[in-house]
Amino acid sequence: MANCIFCQIVSGNIPSKKLFEDDKVMALLDIYPANPGHILLIPKEHYTFASEVPSDLFAHMGVISQRMSHILVTNLKAAGTTMIVQSGQDAGQKAPHFIMHIIPRAENDELNLAVPTNNIDKDDIDELYGKLRPLIAQTFPGQNLEEIEEGEAGSEEEGEEGEEDEGEDEAEEGEEDEEHEDKPDELLDKIEGLI
Ligand SMILES: [Zn+2]
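As a starting point, this report considers the structure included with it. Source: prediction; values computed, not measured.

### Description of the overall build of the protein
Moving on, step 1. Scanning the protein from N- to C-terminus turns up 6 helices and 5 strands.
Moving on, step 2. When the elements of the protein are put in sequence order from the N terminus, they spell out α-β-β-β-α-β-β-α-α-α-α.
Moving on, step 3. Split into buried and exposed, the 195 residues of the protein put 13% on the buried side.
Moving on, step 4. Across the protein, contacts joining residues at least 24 apart in sequence account for 55% of those joining residues at least 6 apart.

### Side note on the nonpolar core
Moving on, step 1. By size, the foremost hydrophobic cluster in this structure holds 19 residues, and its most contacted members are Leu 40, Leu 41 and Ile 102.
Moving on, step 2. Put simply, the parts of the chain that give this core at least two residues each are α1 (5-11), β2 (25-29), β3 (39-43), α2 (55-74) and β5 (100-105).
Moving on, step 3. Ranked by the residues each element gives to this core, the list is headed by β3, at 4 residues.
Moving on, step 4. Dropping the residues within four chain positions of it, Leu 41 is found in contact with Val 25, Ala 27, Met 61, Ile 64, Ser 65, Met 68, Ile 99, Met 100 and Ile 102.

### Quick word on α2
Moving on, step 1. For α2, which comprises 20 residues, the first-to-last C-alpha distance of 29 Å matches the rise-based estimate of 28 Å (1.5 Å per residue) to within 8%.
Moving on, step 2. Of all the residues in α2, the buried ones are Met 61, Ser 65, Met 68 and Leu 72. For α2, the arc enclosing every buried residue in end-on projection is 65°, short of the 170-degree limit, so these residues lie on one face. The exposed set on the far side of α2, more than 90 degrees from its buried face, consists of Ser 55, Asp 56, Ala 59, Val 63, Gln 66, Arg 67, His 70 and Thr 74.
Moving on, step 3. Residues of α2 that are buried make contact with β2, β3, β4 (80-85) and β5.

### Side note on the sheet that holds β5
Moving on, step 1. Pairing is antiparallel in the open sheet, where 5 strands are placed in the order β1-β2-β3-β5-β4. What marks the edges here is a single partner per strand, and that holds for β1 (18-21) and β4. The average angle at which neighbouring strand axes cross in this sheet is 20°, direction not considered.
Moving on, step 2. Relative to β5, β3 runs antiparallel, the two being bridged by 3 bridges. In the sheet register, Ile 39 faces β5, and the bridge partner there is Ile 102.

### What to know about the pairing of β2
Look at any regular strand and the pattern is simple: side chains alternate between the two faces of the sheet.
Moving on, step 1. Summarising the sheet, β1 and β2 pair through 3 bridges and their orientation is antiparallel. Across the sheet, Lys 18 pairs through a bridge with Leu 28, a residue of β2.
Moving on, step 2. Joining the antiparallel neighbours β1 and β2 is a turn of 3 residues.
Moving on, step 3. Bridge count between β2 and β3: 5 bridges; the pairing is antiparallel. Note that in β3 the partner of Met 26 across the bridge is Ile 42.

### Points about helix α3 (residues 122-139)
Moving on, step 1. Counted at 1.5 Å a residue, the expected span for α3 with its 18 residues is 26 Å, and the 26 Å between its end C-alpha atoms agrees.
Moving on, step 2. Burial analysis of α3 places just 0 of its 18 residues in the buried class, a small minority of the element.

Parameters at a glance
Residues numbered from 1 in each chain as written. Predicted model: local features only at pLDDT ≥ 70, side-chain atom pairs only at ≥ 80, totals over all residues. Helix = DSSP H or I, 4+ residues; strand = E, 2+ residues; numbered from the N terminus. Buried ≥ 20, exposed ≤ 12 C-beta atoms within 10 Å, placed from the backbone. Contact = placed C-beta atoms within 7 Å. Core = buried A, V, L, I, M, F, W, Y, C linked by C-beta atoms within 7 Å. Expected span 1.5 Å × (residues − 1). Arc of directions from axis to C-beta. Pairing = 2+ DSSP bridges. Axes fitted to C-alpha atoms, helices over the stretch in contact; angles between N-to-C directions.

Right under this line is the structure:
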């Protein structure tokens, strides 16, 4: 894409602090970093949104991001890393080229990248859960929760996690609240029975 600064960097028309390159991706040291050591990982092909990036390329970028993060923590002594994808202008995406950001963090660095936790109406959560779960099941045929749970029904080896999933199922089906109130005790009994 002619007027994309990152495509210009990939083609070598604009200089950059290139850290890594293979046939598919390039990693750059950000010269306008959120924190010193901020790495930008980009595909060499021009894609704008996360959904446009081919799955195998996205997975490849994920693995490289993970290794970059490890280097920042172990070798640059970062206290941690924040790894961000901003897909869409309203999500904070500034360039038209897809970027994975790997940002080293320091204790009390005061970067405002925390994800807030908000209380929303329980009915809204149930409604969203009811919408999302079948949509996601369609995307992963043969791997959706209903099939997995049916396959494991009666197994006592699944332990605490399996029991919790069962509780969530009942929440989705909108059963009476009084049944939910019984749930923690039932769960504890079942879990104790497994130990
Ligand atoms: Zn581009």
